[in-house]
Amino acid sequence: MNFSVTHWQKRLDDLRVAHHVPGASLAVLADGEIHELASGLLHRGTGVEASTGSVFQVGSITKIHTATLVMRLVDAGELDLDARVVDVLPSFATADPAATGRITVRQLLSHTSGLTCDFTHDTGRGDDCLARYVEAAAGVALDCPPGTAISYSSVGYNVLGRIVEVLTGKTWDEAVRDLLCAPLGLTHTVTLPEDVLAFRASMGHLGEPGEWPDPAPSWNPLPRSSAPYGGQLCATAADIVRLARLHLDDGVAPDGTRLLGASSVAAMQRPETDTPDHWTVSSDGWGLGWTLYDWGGISGFGHDGATIGHYAYLRVVPAAGVVVALLTNGGDARHLYESLVGELLSTLAGVELPPPFAPPAVPSTVDIGSVAGRYRREGVAITVEGRAEVPWLRYEFVDGMAGLAPAIEAELVPVSGTVFAARVAGPFSGDWMPVVFATLSTGTPCVYIGLRAAPRVVG
């Protein structure tokens, strides 16, 4: 099917306005050609228009850049996926010495290491920022024992970024530039704020759902040490599609250069772990870096990303040779994704996205007693209890993250005996946030919110 730029430009324009998204960039690989579209404004305060050459913050899609670098080292024989991290990076440590010695590179890539997610630590702008971050993270508690469950981990990807530095002798930024951007022709992908100045750059916007948001108070407050997990990299939608195309083309760059072995490409897309939470990022499992999807028997992979006021979505359908990247700078981005990317994948690849997560019209009655209690992970305390016979959630930041944001208080509406919906709107949760109860392989009950596992500490 031929890609109609006129049709999809109108759909992007109309849906962007309908969902109060200030600006968006869209790139689609279809019929072997990359099509680029843009709509709206980069900054509602200045009125600068978005263009296909504008760069947006892509958030955790950056984890695919880091994972691809790691797999290049595996192909070169410089790294073993099942090597213990301490054997590659002797400075690596966690708050649990026994667990430290069991964590492998494969577990870091698949989010099964037990390392936590929400540890942002500013170690300055120097080239030693990642080394200092890994040192500072040594005292951070694990979400769960290594290998017992998936728990989305930004800390793990920073450790991978440091491994890249040690084995290449380059900073992570240099490795991205020299080992990915240069051979793939990613001329609009940069990792340092000063390099963003060469391009039209998007500003994030914040506001209430259903209204036009205002420019965020800061372009990007995340430190340089957050780069490998998604805090710094900016790119055009087309450059994100070009990176994904490498994985669609079995690791061969457009000029015929092999950057990844076909076996490594396949390994990254092979399921490493299931996930109890199938809704937060629409995942059906996880590979080595990639989020994996099963759309009614049609396999796909991709990743989502977010920074302050920026929300990004990448979807790949190998059987159809289709890649879609949507980058946005605020508003009801999740609804724009569901509508626009849903239409694109249906039309171009025969893929029907699952319906948005929501409780049934008539919720079932569930005894909250089996899941009630207090749950903890680094920086977060979660209380689940019955209030006037209504299941209730309290989610609050504690310890080093205390005061980061107000506590969330919400009724839990049963979807099943282990899955509940909380009316907390967000760019990835949509109108309802999934709250999923599961059990670690050790037998410890846990709750998933935002794909992070928090074990129960008081039942």
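Scroll up a little and you will see the structure.
Every chain's residues receive numbers from 1 upward, in the order its sequence appears when written. In keeping with the model being predicted, local features are shown solely for residues with a pLDDT of at least 70 and side-chain atom pairs are shown and tallied solely at 80 or more, while totals for entire chains, interfaces and linings include all residues. Side-chain figures throughout are based on the complete set of non-hydrogen atoms in the structure, without hydrogens or water.

*Asks:* For this particular structure, what's the right way to read the pairing of strand 9 (residues 291–295)?
*Replies:* Successive residues of a regular strand alternate their side chains across the two faces of the sheet. Throughout, exposure labels follow a simple rule: accessible area from a 1.4 Å probe, protein chains only, divided by the maximum for the residue type, with under 20% read as buried, over 50% as exposed, and the rest as partly exposed. Helix numbers and strand numbers start at the N terminus; a helix is a DSSP run of H or I with at least 4 residues, a strand a run of E with at least 2. For strand 9, the buried fraction is high: 4 of the 5 residues fall into the buried class. Should DSSP find at least two bridges between two strands, the strands are regarded as paired. Examined bridge by bridge, strand 8 (residues 285–286) and strand 9 share 2 bridges and lie antiparallel to one another. Across the sheet, residue Trp-286 finds its bridge partner in strand 9, namely Thr-291. Linking strand 8 to strand 9, which pair antiparallel, is a turn of 4 residues; within it Gly-289 sits at a positive phi near 105°. As defined by bridge partners, strand 9 adjoins strand 10 (residues 298–307) across 5 bridges and the pair is classed as antiparallel. Along strand 10, the bridge assignment pairs Tyr-293 with Gly-300. Counting the residues that bridge the hairpin from strand 9 to strand 10 gives 2 residues, and of these Gly-296 lies at a positive phi of roughly 60°.

*Asks:* Before we go on, may I ask you to explain the pattern of salt bridges in this structure?
*Replies:* Opposite charge on two side chains lets them pair, provided their charged atoms get close. Whenever a carboxyl oxygen of Asp or Glu lies within 4 Å of a side-chain nitrogen of Lys or Arg, that contact is scored as a salt bridge. Within this structure, the stated rule accounts for 23 salt bridges. Between Asp-14 and Lys-10 there is a salt bridge whose closest N-O contact spans 2.6 Å. Taken as a pair, Asp-14 and Lys-10 lie in helix 1 (residues 5–18) at a separation of 4 residues, close to a single helical turn. Taking relative accessible area as the criterion, Asp-14 reaches 35% and is therefore assigned partly exposed. Taking relative accessible area as the criterion, Lys-10 reaches 51% and is therefore assigned exposed. For Lys-170, the salt bridge is made with Asp-178, and the minimal N-O distance between the two is 2.9 Å. Residue class for Lys-170 comes out partly exposed when judged on its relative accessible area of 26%. Asp-178 sits in the partly exposed class, given a relative accessible area of 28%.

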